[in-house]
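Here's the letter readout for the chains.
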Amino acid sequence: MRRARILGTGSCLPQRVVTNAELATRLTTSDEWIQQRTGVKERRYVDDGIGPSDLALTATNRALDAAGLKASDIDFIILATQTAEHEFPGTACFLQKKLGNSGVGALDVRDQCTGFLYGLSIAEAFVQLGKYKRVLVVGTEVHSTGLDFSDRSRHITVLFGDGAGAVIVGESESADRGILSTHLHADGKFAEELWVPAPGSIYPGRITHKLLDEGMHYPFMNGKAVFVEAVTQMINVSKEALSANGLTPADVTHFVPHQANLRINESVAQRLGIPSERCDSSITRYGNCAAASVPIAFDERVRSGAVKEGDIVLMATFAAGFTWGAAVMRW
Ligand code: UT7
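As a starting point, this report considers the structure included with it. (Residues numbered from 1 in each chain as written. Predicted model: local features only at pLDDT ≥ 70, side-chain atom pairs only at ≥ 80, totals over all residues. Heavy atoms only, no water.)

Counting secondary structure elements, the chain contains eleven helices and 13 strands. For 331 residues, the compact-globule estimate of 2.2 N^0.38 gives 20 Å, and the chain sits close to it at 19 Å. With the principal axes as the frame, the chain shows a C-alpha extent of 55 × 45 × 35 Å. Summing over all exposed atoms, the chain offers an accessible surface of approximately 14,000 Å²; the carbon and sulfur share of this is 50%. Measuring between centres, the 33 positive side-chain charges of the chain sit 2 Å from its 37 negative side-chain charges. (Helix = DSSP H or I, 4+ residues; strand = E, 2+ residues; numbered from the N terminus. Rg over C-alpha atoms; globule rule 2.2 N^0.38 Å. Areas by Shrake-Rupley, 256 points an atom, 1.4 Å probe, with all protein chains shown as cover. Lys, Arg positive; Asp, Glu negative; His and termini not counted. Charge placed at Lys NZ, Arg CZ, Asp CG, Glu CD.)

Written out as structure tokens, the structure is:
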């Protein structure tokens, strides 16, 4: 079977830096609490009128440049987001319009912070089967327009930022190089531990004044339950992914976990036995960018020249749903 590999990476972060000190003017919080409990120092917010498809467009163009390709070379689009630009159609269609490649399939993936890995896995399968030659996978989020700046949600609002990351997946010229495997999981019994209840088709009228007054259009999170399950499942899925390829944590050159909390990632890396310098910590600068966190972090590593041919890359995520997953690749 063909092997798929990432041909190019790109990312896009809005210019506007929002520090913890700035958030402390809008919420009862402090730089000290946010850094100690989450690791976040600052995050980025878009300017008014910029949507996830705009960030995705820039990230995609950078990934295309890196791969030496044009938009017309993409023959399938997969876009992961938990902050859809509109109720429907999917944000992938808005991105496709901006890319100008009418006619190619455009799929939205709704697996929140694990969405990028679900998308990568679909792209891998399409390329392996020979169904498509070059598949765009982009994770993109605009959280800032949907956060609750009241104290009820201060444990959530301080975490999130805006951004996008993209990869182009195509056929590898070498059987040894590329995506070695992807591993996806979910457990819907935890669906209401981390969610945005409204608007929704379960409510007559989708959204009501009562739902708005109750703040049901904002994210709710049982932070402690998410934290515990995130550590457990990211360790489990990382071990599953490595052992499926006859690898151990000692083989991992770059560990790129989802960026939800620095303490989660430090705990996962330590318990796996991966040295902290091999573990990405871009949450300090960008906060939690959900589906975009992993491709942003990976793009930065690639562009810095840190990722060398032959390196083993382990990606692992955990998200609302709950969903979690991992990917292992040889660069
Ligand atoms: O990407 C999706 C996956 N998401 C995650 O993986 C997030 C997982 N969870 C977490 O990262 C942590 O649970 C949080 C960072 C969200 C919260 O940390 P925590 O240590 O679990 O704090 P807590 O919610 O239990 O709150 C501890 C205290 C409370 O005060 P009292 O009751 O002890 O007086 C909160 O009211 O900290 C208070 N608190 C804050 N104080 C200042 C909560 N949020 C804040 C805040 N600033 N922003």
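Time to look at helix α11 (residues 293-303). Along an α-helix, residues three or four apart share an orientation, since each turn contains 3.6 residues. Most of α11 sits out of view: eight of its eleven residues are buried. Where α11 is concerned, the buried positions are Ser-293, Val-294, Pro-295, Ile-296, Ala-297, Phe-298, Asp-299 and Arg-301. One or two residues past the end of α11 sits Gly-305, with phi positive at roughly 85°. (Buried < 20%, exposed > 50% of the residue type's maximum accessible area, 1.4 Å probe, protein only.)

Our next topic: the sheet that holds strand β1 (residues 4-12). Taken together, five strands build an open sheet; the order of strands is β1-β7-β6-β4-β5 and the sheet is mixed. Strands with a single pairing partner mark the edges of an open sheet, and in this sheet they are β1 and β5 (105-109). Recorded for the sheet is a direction-independent mean angle of 20° between the axes of neighbouring strands. With eight bridges connecting them, strand β6 (residues 134-141) and strand β7 (residues 163-171) associate as antiparallel partners. (Pairing = 2+ DSSP bridges. Axes fitted to C-alpha atoms, helices over the stretch in contact; angles between N-to-C directions.)

Right, let's get into the pattern of salt bridges. Any two side chains of opposite charge can pair, so long as their charged atoms come close to each other. As enumerated under the stated definition, the model contains twelve salt bridges in all. Among the salt bridges present, the one from Arg-303 reaches Asp-299, with a minimum N-O distance of 2.7 Å. Taken as a pair, Arg-303 and Asp-299 lie in helix α11 at a separation of four residues, close to a single helical turn. In the salt-bridge network here, residues are joined through shared partners; they are Arg-5, Glu-173 and Arg-177. (Salt bridge = Lys/Arg side-chain N within 4 Å of Asp/Glu carboxyl O.)

As a further point, take helix α8 (residues 223-244). Between its first and last C-alpha atoms α8 spans 31 Å; for 22 residues at 1.5 Å apiece the expected length is 32 Å, and the two agree. Looking one or two places after α8, you find Gly-246, whose phi comes out positive at around 65°. (Expected span 1.5 Å × (residues − 1).)

Moving on, we get to the site of the ligand. Near the ligand, the surroundings consist of 21 residues, among which Thr-29, Arg-37, Lys-224, Asn-261 and Asn-288 are the closest. Within the side chain of Arg-37, an N or O atom sits 2.8 Å from an oxygen atom of the ligand. In this structure, an oxygen atom belonging to the ligand sits 2.8 Å away from a side-chain N or O atom of Arg-154. In the complex, 74% of the free accessible area of the ligand, which totals 950 Å², lies under the protein chains. Where the shell around the ligand is concerned, the elements lending two or more residues are α2 (31-38), α6 (154-157), α8 and α9 (262-272). The dominant element in the shell around the ligand, judged by the number of residues it contributes, is α8, at four residues. Each residue belonging to the shell around the ligand can be placed in one class, and the counts come to nine nonpolar, eight polar and four charged. (Near = heavy atom within 4 Å. Polar contact = N/O pair within 3.5 Å; in protein donor to acceptor, adjacent residues only side chain to side chain. Nonpolar A, V, L, I, M, F, W, Y, C, P; charged D, E, K, R; others polar.)

It is worth spelling out the environment of Ile-50 at this point. Structurally, Ile-50 is set in the loop between β3 (42-45) and α3 (52-67). Remark: the alpha-carbon pair of Ile-50 and Val-256, spanning 206 residues in sequence, is separated by 27 Å. Dropping the residues within four chain positions of it, Ile-50 is found in contact with Leu-55 and Val-142. (Contact = heavy atoms within 4.5 Å.)

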